[in-house]
Amino acid sequence: MKSKKILDTVIEKIIFCCGILAIVFVVLIFGFLLKESFSFFKDYGIINFVTGKLWYPTSAPPRFGILSLMAGSFFVTLGAAAVAIPLGVMAALYIAEVAPVSIRDFLKSGVELLAAIPSVVIGFIGMVTLVPLVRTVFDLPTGLTAFAGSIMLGFMALPTIVSISEDAIRAVPWNYKEGALALGATRWQTMYRIVLPAALPGIIAAVMLGLGRVIGETMAVMMITGNAAQIPAGIFEPVRTMTATIAAEMGETVKGSMHYRSLFSIGVILFMITFCINFIADLFLHRMKR
Amino acid sequence: MPLKKIDVENLNLYYSSFHALKSVSLSVAPNRITSIIGPSGCGKSTLLRTFNRINDTIEGIKITGEVRIDGSNIYDDGYDVDALRRKVGMVFQRPNPFPLSIYENVAFGLKIHAMASGAVLDAIVEESLKDVLLWDDLKDKLRRSALELSLEERQRLCIARLIAVKPDIILLDEPCSALDPIATLRIEELMVELKKKYTILIVTHNMQQAARISDDTGFMLLGELIEFGITSKIFTNPAMKQTEDYVTGRFG
Ligand SMILES: Nc1ncnc2c1ncn2[C@@H]1O[C@H](COP(=O)(O)OP(=O)(O)OP(=O)(O)O)[C@@H](O)[C@H]1O
Ligand SMILES: [Mg+2]
């Protein structure tokens, strides 16, 4: 009896330490990011950094304007949203409300499988299939464009959007649907007038989380979007995202240099953006639970 | 009984292999309140839910026999189920207003059936809320969420939402079981008021309620309709032994 009690407290302590450790790591990472970026902001100026259009980190004098990189991230994310939101919400509706049980299980495992594909593989597949296709179909000099990147990233956001939206849709009380059907509403009317509005907070959370993944995604965008650091004139232009910049240039920088610290600063901006998105998603998830 | 509003003939219902309704036959007259009583699990809800075919969605369900409403069998192939449900409205045990505004709740049926819009819609919403005695309290709160209402108000709203589409028949499945005794009495008064315009069927566990408000009563046991007739006769001088045992409280 006594040894059992000791074991209990030991396990409890271990779990406690793991929890604390996770928090400590987050704080350390964040502290490190802040330290590097603060010193950069002091040297270069935060305003110059976020509003500058030119990203020439190795020319003399170097230019560290990330507006074009933010625009690149923004464009690609927006495009991914345009692909993933309609597709994802429709798929979730189909899985939750329409599909017979056998098809539902099949589709759900399909969606889970999609989530399990590593992003390099998605990038690679996009590079050899989608990119040439975009180039020939739209008659462009290169298929490595924001458009191709958006489609691929849309697919990467899909699993999150589908599975969380599906949960939200299934959480809509049967009562509501029964009430609508009993008034003579068709299945479709019930869906878009009652089920969708009731599930909306959850769907918004799903979209936010899905897009959070898109903004933070690196590998696939680096392979497909063309990596030109310019403010794109349209979706058929090459772009470069914030993440791709960090990943591509970190290896070439001298530790502690201006360039090195500027990449950390991009990381901070990225962190703030994803933090906001996750925060909004969280708000809506809580609203859904209520 | 003069006319038949609902005419059930030899109705059998199976949930997969479970025989839930056994050769039920009855006729319901218009503008009367008919109550269905019986112990838990005897099939009262199941029977009520065959009248608007809301059972249809359940997997493995099988129905034989006929349910004629105004003379036509609602289980005929090609019968318009959405139109049926407009004609035969249902109020559920747990009040289930939609998570929309009070106004949108009442307007819902009218909108989906494209029955009214604009000023006409407003007028019908007002009239329906007046019919359930909610208008005076809620006329300034129509844009508020229906989920802010009390249980009794919610149940009244659910009734208003029904009568807005001008049904013929109103089915109520233990509509007062979530309500306190005073709210129950007020809903009962409302039903008596409503029977001037509608044919009402109510499932209830509460025998006093059945005795108070209904004109006809059916007693069910284990999926069978044991006895059906004028309420006073069922309660004071039933023909069947089981009915007598149940209404005198000897079992159930
Ligand atoms: N969807 C279903 N699938 C299988 N069996 C069901 C289903 N719904 C009801 N039953 C069974 O059918 C029988 C009748 O159920 P029903 O809900 O009609 O009873 P009830 O008289 O309304 O009971 P209560 O007074 O408890 O509401 C019960 O034995 C129940 O277990
Ligand atoms: Mg019941």
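The model shown is predicted, which means the values in this text are computed figures rather than measured ones.

The rules behind the values
- Residues numbered from 1 in each chain as written.
- Chains lettered and ligands numbered in written order.
- Predicted model: local features only at pLDDT ≥ 70, side-chain atom pairs only at ≥ 80, totals over all residues.
- Heavy atoms only, no water.
- Helix = DSSP H or I, 4+ residues; strand = E, 2+ residues; numbered from the N terminus.
- Rg over C-alpha atoms; globule rule 2.2 N^0.38 Å.
- Buried < 20%, exposed > 50% of the residue type's maximum accessible area, 1.4 Å probe, protein only.
- Contact = heavy atoms within 4.5 Å.
- Areas by Shrake-Rupley, 256 points an atom, 1.4 Å probe, with all protein chains shown as cover.
- Lys, Arg positive; Asp, Glu negative; His and termini not counted.
- Charge placed at Lys NZ, Arg CZ, Asp CG, Glu CD.
- Domains from an automatic or database assignment.
- Buried area = accessible area lost by both parts, 1.4 Å probe.
- Salt bridge = Lys/Arg side-chain N within 4 Å of Asp/Glu carboxyl O.
- Disulfide = S-S within 2.5 Å.
- Pairing = 2+ DSSP bridges.
- Near = heavy atom within 4 Å.
- Polar contact = N/O pair within 3.5 Å; in protein donor to acceptor, adjacent residues only side chain to side chain.
- Nonpolar A, V, L, I, M, F, W, Y, C, P; charged D, E, K, R; others polar.

Digging into the overall build of chain B
Step number 1: Regarding its fold elements, chain B presents ten helices and ten strands.
Step number 2: Expected size for 252 residues packed as a compact globule is a radius of gyration near 18 Å; at 18 Å, chain B falls within 12% of this value.
Step number 3: Dimensions along the principal axes, computed over C-alpha positions, put chain B at roughly 55 × 45 × 35 Å.
Step number 4: When each of the 252 residues of chain B is scored for burial, the buried share is 54%.
Step number 5: Restricting the contact set of chain B to residue pairs at least 6 apart, pairs at least 24 apart contribute 68%.
Step number 6: Total accessible area on chain B stands at roughly 10800 Å², and carbon and sulfur atoms take up 50% of it.
Step number 7: Each charge class in chain B was averaged separately, 31 positive and 34 negative side chains, and the resulting centres sit 1 Å apart.

A closer look at the domain arrangement of chain A
Residues and elements named next belong to chain A.
Step number 1: According to the domain assignment, chain A contains domain 1 (2–51) and domain 2 (66–289).
Step number 2: Put simply, the middle of domain 1 and the middle of domain 2, counted by C-alpha atoms, are 27 Å apart.
Step number 3: Counting residues at the interface gives 13 residues for domain 1, matched by 14 residues for domain 2.
Step number 4: With both sides pooled, the region where domain 1 packs onto domain 2 buries about 1300 Å², and carbon together with sulfur makes up 77% of that total.
Step number 5: Here D43 and R261 are joined by a salt bridge, their closest N and O atoms 3.0 Å apart.

Some remarks on the state of the cysteines
All names here are of chain B.
Step number 1: According to the stated counting rule, one finds zero disulfides over all chains in the structure shown.
Step number 2: The structure places no disulfide on C176, whose sulfur is separated from the nearest cysteine sulfur, that of C158, by 12 Å.
Step number 3: Classification of C176 as buried rests on a relative accessible area of 7%.

Notes on the sheet that holds strand β5 (residues 72–73) of chain B
Residues and elements named next belong to chain B.
Step number 1: Across the sheet, which stays open at both edges, the four strands sit in the order β2-β1-β4-β5 with antiparallel pairing between neighbours. Taken across any chain shown, the strands that pair with only one partner, and hence form the sheet edges, are β2 (18–28) and β5.
Step number 2: Both strand β1 (residues 6–15) and β2 contribute to a ladder of seven bridges, which runs antiparallel. Paired with Y14 across the strands is H19, a residue of β2.

Considerations on the pattern of salt bridges
Here the idea is simple: oppositely charged side chains can pair when their charged atoms come close.
Step number 1: This model, assessed by the stated rule, comprises 27 salt bridges over all chains.
Step number 2: The closest approach of N and O atoms between E166 of chain A and R170 of chain A, which form a salt bridge, is 3.5 Å. Within this pair, E166 of chain A and its partner R170 of chain A are both found in helix α6 (residues 146–170), separated by four residues, close to a single helical turn.
Step number 3: By relative accessible area, E166 of chain A is classed as buried at 2%.
Step number 4: For D70 of chain B, the salt bridge goes to K87 of chain B, with nearest N and O atoms at 3.0 Å. Placement of D70 of chain B in the loop between β4 (61–69) and β5 and of K87 of chain B in helix α2 (residues 81–87) is noted, with a sequence separation of 17 residues between them.
Step number 5: Linked through salt bridges whose partners overlap, the residues forming this network are K4, D7, E9, E66 and R68 of chain B.

Side note on the site of ligand 1
All names here are of chain B.
Step number 1: Contacts to ligand 1 come from Y15, F18, S40, G41, C42, G43, K44, S45, T46, I58, E174 and H205.
Step number 2: At 3.4 Å from a nitrogen atom of ligand 1 is found a side-chain nitrogen or oxygen belonging to Y15.
Step number 3: Taking G41, its main chain carries an N or O atom lying 2.8 Å from an oxygen atom of ligand 1.
Step number 4: When isolated, ligand 1 has an accessible area of 630 Å², and the protein chains bury 63% of it.
Step number 5: Per element, the largest residue contribution to the shell around ligand 1 is three residues, and it comes from helix α1 (residues 44–50).
Step number 6: Across the shell around ligand 1, the residue classes tally to four nonpolar, six polar and two charged.

Let's talk about the environment of P238 of chain B
All names here are of chain B.
Step number 1: Tracing the backbone through its elements, the reader meets P238 in the loop between α9 (231–236) and α10 (241–247).
Step number 2: Distance in space between the C-alpha atoms of P238 and E227 is 8.0 Å, their sequence separation being eleven residues.
Step number 3: Excluding residues that lie within four positions of it along the chain, P238 makes contacts with E227, K233, T243 and E244.

Digging into the environment of L222 of chain B
Residues and elements named next belong to chain B.
Step number 1: Tracing the backbone through its elements, the reader meets L222 in the loop between β9 (216–221) and β10 (224–230).
Step number 2: The exposed category is assigned to L222, whose relative accessible area is 63%.
Step number 3: When the C-alpha positions of L222 and P39 are compared, they lie 8.4 Å apart, and in sequence the two are 183 residues distant.

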